[in-house]
Amino acid sequence: MIRVTEQESNYKDIDKMSVMEILTGINNEDKGVPLAVEKALPQIEKLTSAVAERMLNGGRLFYIGAGTSGRLGVVDASECPPTFGVSFDTVVGIIAGGDSAIRKAVEFAEDDAAQAWIDLQEYNITDKDCLIGLAASGTTPYVVGGLNTARKHGVLTGCIICNQGGPVVAESDFPVEVVVGPEFLTGSTRMKSGTAQKLVLNMLSTTVMVKLGRVKGNRMVDMQLTNHKLVDRGTQMVMNELNIEESQAAELLQLHGSVRRAVEAGKIIK
């Protein structure tokens, strides 16, 4: 298998470049990432629709990955509860090597093809759930093994990779292949590949949450009010929705704990 993510950079003698030359080169490479994502939109649509359907029927969404890919999955999963008000076990991110690998690389963790399914067992994954493998190369054994076993147990499988084909795709019901080309720094998939995966994750989780009814209009009505900025934002949303004064909106929000419930209560009072 030819791995585009491992091909040599189009830039020579980077170590001899000026700061501006390096920055310009990276920026020029990054410009192509959204275009590569655009080409994959039909695949992203199929995966997102399938995940939304399962989650509407009570399923959960799991991400597995190693290194940068695993960290991106953990980040996306961890942002769903505060953004959309879902429970912390609705979207789960698992990284090879465990949570310590989020900060420090765990040697050879990604090479254990059996470990992902062991990790998933801690969450009692079932055939109602979805599993998305994140692997820039599309060959990571941890991800391949996890998808393979999950598929045998009836779990819906998908992947987000930055090559075409390969073992991760072969184990995915709904593969997403975003081919961004060689990295500016040869093999450094935390760059364009990581950016591409982050963009797709943003699209997928946001769209799924919209379809789960976690967005009203264009607003995060179920967001957790965990700081003053979010309380202020929520107050403004209640004001706009009910056409009331700030003090009234703040009181409703404090009383009911979420924008959605505050607005619903305000409509009843009116």
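Enquirer: Give a detailed account of the packing of aromatic side chains, specifying residues and quantitative values.
Expert: Summed over the entire model, instances satisfying the criterion amount to two aromatic pairs. Their ring planes at 65° and their centres at 5.9 Å tell us that phenylalanine 62 and tyrosine 123 sit as a pair that is edge-to-face. Linking phenylalanine 62 in strand β1 (residues 61-65) with tyrosine 123 in the loop between α5 (115-121) and β3 (130-134), this pair joins segments that are 61 residues apart in sequence. We classify tyrosine 123 as partly exposed; its relative accessible area is 32%.

Enquirer: Can you break down the packing of helix α3 (residues 41-56) against helix α8 (residues 192-211) residue by residue, with the values?
Expert: Angle between the axes and distance between the axes are the two parameters that describe a pair of packed helices. Interhelical geometry of α3 versus α8 gives an angle of 40° and a closest axis separation of 9 Å. In this view, α3 runs oblique relative to α8, as classed from their interaxial angle. Considering how the two elements wind past one another, α3 and α8 form a crossing that is right-handed. Packed against α3, whose contacting residues are Leu41, Ile44, Leu47, Thr48, Val51, Ala52, Met55 and Leu56, the element α8 presents Val200, Met203, Leu204, Thr207, Val208 and Lys211 at the interface.

Enquirer: So what about helix α11 (residues 259-269)? Which residues, and what values?
Expert: Inspection of α11 places Val259, Ala262, Val263, Ala265 and Gly266 among the buried residues, and these make up the whole buried set. Looking straight down α11, one finds its buried side chains confined to an arc of 165°; they lie on one side. Where α11 is buried, its residues touch α9 (228-242) and α10 (246-256).

Enquirer: So what about the pairing of β1? Which residues, and what values?
Expert: Taken across its five residues, β1 has five buried, putting it largely inside the fold. Burial along β1 is two-sided: Leu61, Tyr63 and Gly65 and Phe62 and Ile64, pointing in opposite directions, are all buried. Pairing of β1 with strand β2 (residues 91-95) involves five bridges; the strand directions are parallel. Across the sheet, residue phenylalanine 62 finds its bridge partner in β2, namely valine 92. For the crossover from β1 across helix α4 (residues 67-84) to β2, the handedness is right-handed. Bridging between β1 and β3 involves five bridges; their strand directions are parallel. For tyrosine 63, the partnering residue across the bridge sits in β3 and is isoleucine 132.

Enquirer: Go over the nonpolar core, please, and point to the residues and values.
Expert: Grouped together as the largest cluster of nonpolar side chains are 33 residues, with contacts concentrated most on Val51, Leu61, Tyr63, Val91, Ile132, Val176 and Val178. For this core, the elements supplying multiple residues, two or more each, are α2 (33-39), α3, β1, α4, β3, β4 (156-161) and α8. Residues within four places of leucine 61 in sequence aside, it is in contact with Val51, Met55, Thr90, Val91, Val92, Cys130, Ile132 and Leu204.

Enquirer: Would you mind going over the pattern of salt bridges in detail, with residue names and values included?
Expert: Once the charged atoms of two side chains with opposite charge are near each other, the side chains can pair. Summed over the entire model, instances satisfying the criterion amount to nine salt bridges. The closest approach of N and O atoms between glutamate 241 and lysine 267, which form a salt bridge, is 3.8 Å. With glutamate 241 in helix α9 and lysine 267 in helix α11, the pair connects residues that are 26 residues apart, well separated along the chain. Beyond isolated ion pairs, a larger network of salt bridges with shared partners links Arg214, Asp222 and Arg260.

Enquirer: Pulling in residues and values, what's your account of the sheet that holds β2?
Expert: Taken together, the five strands give an open sheet; going across it, the order is β2-β1-β3-β4-β5, and neighbouring strands pair in parallel fashion. The sheet is open, and its two edges are formed by β2 and β5 (174-177), each paired on a single side. On average, each strand axis in the sheet is tilted by 15° relative to the strand beside it, whichever way the strands run. Strand direction decides the pairing type here: β3 and β4, joined by five bridges, are parallel. Residue pairing across strands places leucine 134 opposite isoleucine 160, the latter belonging to β4. Contacts from α8 reach β1, β2, β3, β4 and β5, with the element oriented near 170° to β1.

Here is what the cut-offs are and how they apply
Residues numbered from 1 in each chain as written. Predicted model: local features only at pLDDT ≥ 70, side-chain atom pairs only at ≥ 80, totals over all residues. Heavy atoms only, no water. Phe/Tyr/Trp six-rings, centres within 6.5 Å; stacked < 30°, edge-to-face > 60°. Helix = DSSP H or I, 4+ residues; strand = E, 2+ residues; numbered from the N terminus. Buried < 20%, exposed > 50% of the residue type's maximum accessible area, 1.4 Å probe, protein only. Axes fitted to C-alpha atoms, helices over the stretch in contact; angles between N-to-C directions. Parallel < 35°, antiparallel > 145°, perpendicular 65-115°, else oblique. Left-handed = near helix turned anticlockwise from the far one by under 90°. Contact = heavy atoms within 4.5 Å. Arc of directions from axis to C-beta. Pairing = 2+ DSSP bridges. Right-handed = clockwise from strand over helix to strand, strands pointing away. Core = buried A, V, L, I, M, F, W, Y, C linked by side-chain atoms within 4.5 Å. Salt bridge = Lys/Arg side-chain N within 4 Å of Asp/Glu carboxyl O.

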